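Residues per chain, in single letters:
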Amino acid sequence: LSNSARTDVNIENIYFDSADRLLQRHRMALRVRQIDGRWVQTLKTSSESRVVGRRGEWETPARLVRGRGTIDLAQLSESPLPQLLAKQDGSVKLKPVFRTQVQRSQWTVEHGDAQIEVALDVGEIMTVSEDAMRREPICEVELELKQPQHDGAAKALIDLALQLLDAHGKAPLGLTPVSRSKAERGYQLLSQRPPPAVKASANGFIADTTKKSTTASVLRTVIAHGVSVLTANIELILRYDDPEYVHQARVALRRVRSAIRLFDRDKKDVPHTLIDELRWFAGALGNARDWDVITDETLPSLGKAMGVDAIKLIVAKAGGKRRQARATVRKAARSSRYAALVLDAERWSMSPVPGVSELIVDAAAPALKDASKKLFERACFFAALSRPRQHRVRILAKRLRYALDLFAVVLPKYVTARYIESLAELQDTLGQLNDAAVAKAVLPRLSKSTQLKRSAALRFDSIEPDRVHDAERRLLKLSSSKKPWQ
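In this text the structure is predicted, and so the values were computed from the model without any measurement. (Residues numbered from 1 in each chain as written. Predicted model: local features only at pLDDT ≥ 70, side-chain atom pairs only at ≥ 80, totals over all residues. Heavy atoms only, no water.)

Student: I tried to follow the overall build of the protein on my own but got confused; where do I start?
Tutor: Secondary structure summary: the protein contains 14 helices and 9 strands in total. For the protein, the spread of C-alpha atoms along the three principal axes comes to 80 × 60 × 60 Å. Per-residue burial over the protein gives 48% buried out of 486 residues. Residue pairs in contact within the protein that sit at least 24 positions apart in sequence constitute 71% of those at least 6 positions apart. Carbon and sulfur atoms make up 50% of the accessible area of the protein, which amounts to about 24700 Å² in all. Looking at charge distribution, the protein has the averaged site of its 80 positive side-chain charges lying 6 Å from that of its 57 negative ones. (Helix = DSSP H or I, 4+ residues; strand = E, 2+ residues; numbered from the N terminus. Buried < 20%, exposed > 50% of the residue type's maximum accessible area, 1.4 Å probe, protein only. Contact = heavy atoms within 4.5 Å. Areas by Shrake-Rupley, 256 points an atom, 1.4 Å probe, with all protein chains shown as cover. Lys, Arg positive; Asp, Glu negative; His and termini not counted. Charge placed at Lys NZ, Arg CZ, Asp CG, Glu CD.)

The structure is reproduced here in structure tokens:
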């Protein structure tokens, strides 16, 4: 940036919405901005939250009232806002809800054939209400593609962001990719409640998949969506302690990694370095998730069944381990390594689809048949298997489930739903076995009491046969169920 001219401006934004947050519910943000003595109004729309996002934008002059800017709906006639307001019962009153004030330093950079505006914003978000003023600091770098507007130029944004990460050599900038806009953070400041986790639901990963989609195009869509779910939840992990954020971020990466195994079997499409980095961050999330389950579910359930007060001390120690695991995730999320992982994944998801790529409708049956075969071959004589081999069966069941989710668009709905239901029941049972095995393994790290460890082991051993029998029963049921791919 040292070779580009720098401009410094003070910017004040006032965001408007109705009392029932009509615009927020429809993923719109309406603001009036004062910049260089001018007042302009801008409506932004968004259908998704992405680190590299595409938003609709309509900017027009604002109406001046006693020297202050306010909304002029007549100037926004070409935007979606008038249509939305017309659908409401009665008139909708738009009023200020929060505002932002920032000192912006900006540069215009020529990067390849792209013109990119780089803006450093330092300031704060403030609520507009009669009760106590709430504030949240802003310190962010925003890259905006000015021209040309195409995917090739969008990659230039990522390349420039990657350069910024390494701009200081051995002391890289502490930049973390985020997908939430200032408007979204403003609404969060108003609510004063932690937002819900962004779900890594199956439908989100295949929303754009059709029977004519190729495996390579689906893989790119899956990775792009998985990264958006990951970054949204990581941003929340950095602020709050809800275990569901960890869980959903982990599921997102599991779905991404499962899709890579499924659609890039020859390992010629996705860069190996990206696969390695996904594995690295998934490991940090996995450890944090394990301690969440141990602390919140396994140990309290054990204590309730045993009636042992001493278990409270173990739960407290497990809570300490959980905080350490969560701190490890947060440290990783603030690192340039994580930032590069997100940016590299975003960039690869924009890469051209190979000229020869199999249609998803043709890939479904062979892939699912192979995944099913691996599961049932490994699950043979399940009760006699060692714990590591039983755990392997659990992993293969999960991979079959993720594969079914990815191919759902080309499978018969009813049969697939029934099969997934049976598979989910099996996964629950296998998950309970795994949770018990993990708890037994970590108990020595939480307590020195031989009596307590012996009592806990006896408790686990007493319920294990029933769970193993239940797993075998569900495996048998699943093996005899009608296969959606046949």
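Here the narrative resumes.
Student: Got a minute to help me understand the nonpolar core in this structure?
Tutor: Nonpolar side chains in soluble globular proteins tend to end up buried together. Counting residues in hydrophobic clusters, the biggest one holds 92 residues, and the most contacted among them are Phe 281, Leu 285 and Phe 407. Among the elements that line this core, the one with the most residues is helix H8 (residues 272-306), at 12 residues. Excluding residues that lie within four positions of it along the chain, Phe 407 makes contacts with Leu 262, Phe 263, Ile 360, Ala 363, Ala 364, Ala 367 and Leu 368. In this structure, Leu 85, Val 97, Leu 189 and Leu 190 belong to the second largest nonpolar core, which totals 30 residues. (Core = buried A, V, L, I, M, F, W, Y, C linked by side-chain atoms within 4.5 Å.)

Student: What is the right way to look at helix H13 (residues 413-446) in this model?
Tutor: The periodicity of an α-helix, 3.6 residues per turn, causes residues three or four positions apart to be oriented the same way. Over its 34 residues, H13 extends 47 Å from the first C-alpha to the last, a length consistent with the 50 Å expected when each residue adds 1.5 Å. Along H13, the largest kink reaches about 25° and is centred on Lys 440; proline Pro 444 follows within four residues of it. (Expected span 1.5 Å × (residues − 1). Bend = angle between axes of the 7 residues up to and from the residue.)

Student: I keep staring at the pairing of strand E1 (residues 6-17) and nothing clicks. Help me out?
Tutor: Consecutive side chains of a regular strand alternate in pointing toward one face of the sheet and then the other. Of the pairings in the sheet, the one linking E1 to strand E7 (residues 95-111) comprises 12 bridges and is antiparallel in character. Counterpart to Val 9 in the pairing with E7 is Arg 104. Inspection of the sheet shows E1 paired to strand E2 (residues 28-35) by 6 bridges, in the antiparallel sense. The partner of Glu 12 across the bridge, within E2, is Gln 34. (Pairing = 2+ DSSP bridges.)

Student: Sorry, what's going on with unusual backbone geometry here?
Tutor: The general pattern is negative phi for most residues beyond glycine and trans for most peptide bonds. The backbone phi angle of Gln 192 is positive, close to 60°, even though this residue is not glycine. Note on Gln 192: relative accessible area 48%, which makes it partly exposed. In this model, Phe 381 sits at a positive phi of 55°, which is unusual for a non-glycine residue. Mapped onto the secondary structure, Phe 381 falls in the loop between helix H11 (360-378) and helix H12 (387-407).

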